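The primary structure of each chain is shown beneath.
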Amino acid sequence: MRHLLGFLSCILLISSTVFSQAPKSSSPADIYHSIEKLNFLGTALYIAAHPDDENTRLISYLSNNVKARTGYLSLTRGDGGQNLIGTELRELLGVLRTQELLAARRVDGGEQFFTRANDFGYSKHPNETLEIWNKEAILGDVVRTIRKFRPDIIINRFDHRTPGSTHGHHTSSAMLSVEAFDLANDINAYPEQLTAANPWQPSRLFFNTSWWFYGSEENFKKADKSNLLNMDVGVYYPMLGKSNNEIASLASSQHLCQGFGRLTTRGSENEYIELLKGQLPNDKSDPFEGINTSWSRVQGGKEVGSILYKVEENFNFKDPTVHLPDLAKAYELIQKISDEHWKNLKTQELVNIITAILGLHLEATTQTPSSNPGETVSIAIEALNRSGINVTLTSTHINEERLSSEAVILNNNATYKNTVNFNIPANTKFTSPYWLLKKGDLGIYKVTDGTLIGLPETPRAFTAIFNINLEGVSIPIERPVQFRYARPDKGELYQPFEIIPEATAEFKDKVVIFADAKSKKIPITIKAHKDNVEGQIVLNLGKGWQVEQTQKGFSIAKKNDEVTIYFTLTPPATENEGIISPVLKINGKEITKELVTIAYDHIPTQTVLLPSEAKVVRLDIEKAGENIGYIMGAGDEVPTSLKQIGYNVQLIDPTTITTESLAKYDAVVMGIRAYNVVEELTFKQKFILDYAKNGGTVIVQYNTASRWRNQFEGIAPYELTISRDRVTDENSTVNIIAKNHSLVNFPNKINTNDFNGWVQERGLYFPNKWGPEFTPILEMNDKNEDSTKGSLLIAPYGKGHYIYTGLSFFRELPMGVPGAYKLFSNLLSVGKDKVESKQKIKG
């Protein structure tokens, strides 16, 4: 563990990513590793489509063995995936997966970039993908990243020559990379970018191939490899106490919401990259061969190199401070380099090295996690020099505001502290994910500030600048202003300091179903983010909806306190869908946001401001039965949705499942991927099937193929084979092939109109083979594909029923899709037409 912490501190030493966390110390081995990277002036960019697509083995190898500056451009933030650790989906899942990527880069030493592309869900062909994404816009984002990052080599994760053979996003990422490789150096391509970035021509383009792309290891052995480079990425790093594969395994294990936590691997392992463009290197193990990666590639760099190469060659592991005079001289010379790109990069790297050698602890912290524009916040400044070298703190700033002008000598291990009251400018922008500030389209986020495009996250609102004097050289060192606190069960913690509105409002339920024309009381919770907040709340309505009073007053005395305001909402007499949204009016300002917090131990706490709104649906729907048992799988909001239509839903702890415990339920529903992620079901399946056999209804939502916990089989009482079949077009035609079956007739009559308005997809992981006991209910297909009948299957079992469905109810119900509610109500009501009369849902 000590080796691991040392390695992580080394990565933090060289990373420019802002991450709120406790300060890390660096060992001499870490510092030496950073000096090696300082003396390598080569850059590699890895390109793929999603978080977790990246090859962490190769990224770590390039960063830690080759010593190249290495970046990963993920075209999307993974918004369309699933979530194994929580209920965040869509935009919030994208925020979570962004932070998991940043966590992975902190481990493997890479940097992270994105385009504006929205992961709209699985796509079967790049033609569809590029049309939905807006190809020209996303291609421009790739070009922009290349121009700003200036890679010497680019490596594609996927093959651009095989459209339709894999996820359309995957192939599209490679196609755009191939096109951008040449466009980045064309001054006529995206000329508006050239005010902030220069044209750039990478030297080589590769495809990260493997035996998998050849169909089998045997085929790969026979393949012509004359155009391939081969690198052993299993190399061991004695300085770091870790092998490359161990680092890579730890990096990929940061993708926890996708279930990527895994065992580490060790030993020799080959990675292959195929040359697509550029000159083939003579050394088939060195993708940078023939590319000048020394200081001589930069005008004025030879003099810098003459100093820094000697520092590397003669590095003093016992006392690295002996190198500070040379490092200070190198810093001065770097400031004279005319190439702003290399000047800025190497300045930051060298400053981090100098800071580490001095053991210089610098921080600016608040006692509150957030504040508001126009408010005053107390900031604690702390500086500590833990070396015997003379260092003077000449001044400190927060952004442009000077906090102190009196020079302070930082004596060895003597802490300098100062507390200042900082006035937050009234025009300070809120710190929320920049790509969510405006409503985007299905395929692309709307970002109006071009300087933000490509960044992994919104820059912090406030940065502390500590100006130090070392060896007569003035060096500014930046630190983000952070919130520092302690918890008895966690110890000292840091998290980002956020700028948020004075108050925010949110609905308890994002979808409210009205099963008849009766009014409902709609609660809206207002949370204060400062003391003494008062104002008015106005509820905006859609056409046909009425409220007894459109505006009400509120007053909250203490920060973080809440008050709930109720509006009585009356729906139209007939079926209708609408949006309701609150507006807070405070001191002449209007606030329309809700505040969402995403908090997990493996990422920094995220504060997200989203439009505060709820969907209201007037729906004629009927149901049978009352009590539903729900076994949560990977995480979804289906139980909350079912409560909306009057069901009493209880979450079942899998460890408590017995024949007797299930008997009280009218139906038992398995959450998405339950058999993939809940190990206890291996031992409880017999009770679940006995429940159906004794007269109950079991509804199993989708599970992924070949990912059973403990190789668990037999999720159904009859033959059932889960495939990778899916229908990705949410507007595809759905045919009801079992028109007389009760599943589409009781208690709600289902017709093709009930499949209008679905979102993202029809469904996924449909069975493609099943026993004769099952009856397929629906038939559907994507364009130019054979139809599939496996989306909804039902079979009698004993006195009860077993249902398997890959339909994406976990997406449709939280979005308030009327037809999805009606169909799921029928699933829960199956068999009850024979034993009880139809029961109208009570509003």
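Preceding this section is the structure that the text describes.
Residues numbered from 1 in each chain as written. Predicted model: local features only at pLDDT ≥ 70, side-chain atom pairs only at ≥ 80, totals over all residues. Heavy atoms only, no water.

The pairing of strand β24 (residues 533-540) with strand β28 (residues 576-586) spans five bridges and is antiparallel. Residue pairing across strands places N540 opposite S581, the latter belonging to β28. Relative to strand β32 (residues 614-618), β28 runs antiparallel, the two being bridged by five bridges. Opposite I580, over in β32, you have A614 as the bridge partner. Bridge count between β28 and strand β29 (residues 589-591): three bridges; the pairing is antiparallel. Residue K585 lies in a different strand from β29, and its bridge partner there is E590. Between β28 and β29, which pair antiparallel one after the other, the connecting turn spans two residues, and N587 there sits at a positive phi close to 50°. (Pairing = 2+ DSSP bridges. Helix = DSSP H or I, 4+ residues; strand = E, 2+ residues; numbered from the N terminus.)

Another point: empty space enclosed by the protein. For the structure shown, the criterion picks out three cavities of 30 Å³ or more. As for the largest cavity, its lining consists of T431, S432, P433, W435, E457, T458, R460, E498, Q606 and T607. Classifying every residue of the lining of the largest cavity gives two nonpolar, five polar and three charged. (1 Å grid on protein atoms, 1.4 Å probe; cavity = no way out; pocket = protein on both sides within 12 Å on 5 of 7 lines; lining within 4 Å. Points joined across faces, edges and corners; volume = space filled by probe spheres on them. Nonpolar A, V, L, I, M, F, W, Y, C, P; charged D, E, K, R; others polar.)

For helix α3 (residues 56-65), a buried count of eight out of 10 residues is recorded, marking the element as mostly surrounded by other parts of the structure. Every buried residue of α3 is accounted for by T56, L58, I59, S60, Y61, L62, S63 and N64. One side-chain oxygen of the residue at the start of α3 lies 3.0 Å from the amide nitrogen of R57, identifying that residue as N55. Remark: K67 follows α3 within two positions and exhibits a positive phi of approximately 75°. (Buried < 20%, exposed > 50% of the residue type's maximum accessible area, 1.4 Å probe, protein only. Polar contact = N/O pair within 3.5 Å; in protein donor to acceptor, adjacent residues only side chain to side chain.)

The sheet built from seven strands is open, its strands ordered β3-β2-β1-β4-β5-β9-β6 with mixed pairing. A single partner strand is all that each edge strand has here, and the edge strands are β3 (111-114) and β6 (228-232). Adjacent strand axes in the sheet meet at a mean angle of 30°, parallel and antiparallel pairs treated alike. Inspection of the sheet shows strand β2 (residues 69-74) paired to β3 by four bridges, in the parallel sense. Each residue of the ladder has a partner; that of Y72, found in β3, is Q112. Packed onto the sheet, α3 meets β1 (43-48), β2, β4 (153-156), β6 and β9 (270-277) and runs at close to 150° relative to β2. Packing of helix α6 (residues 135-149) onto the sheet brings it into contact with β1, β2, β3 and β4, and relative to β1 it is tilted by some 165°. (Axes fitted to C-alpha atoms, helices over the stretch in contact; angles between N-to-C directions. Contact = heavy atoms within 4.5 Å.)

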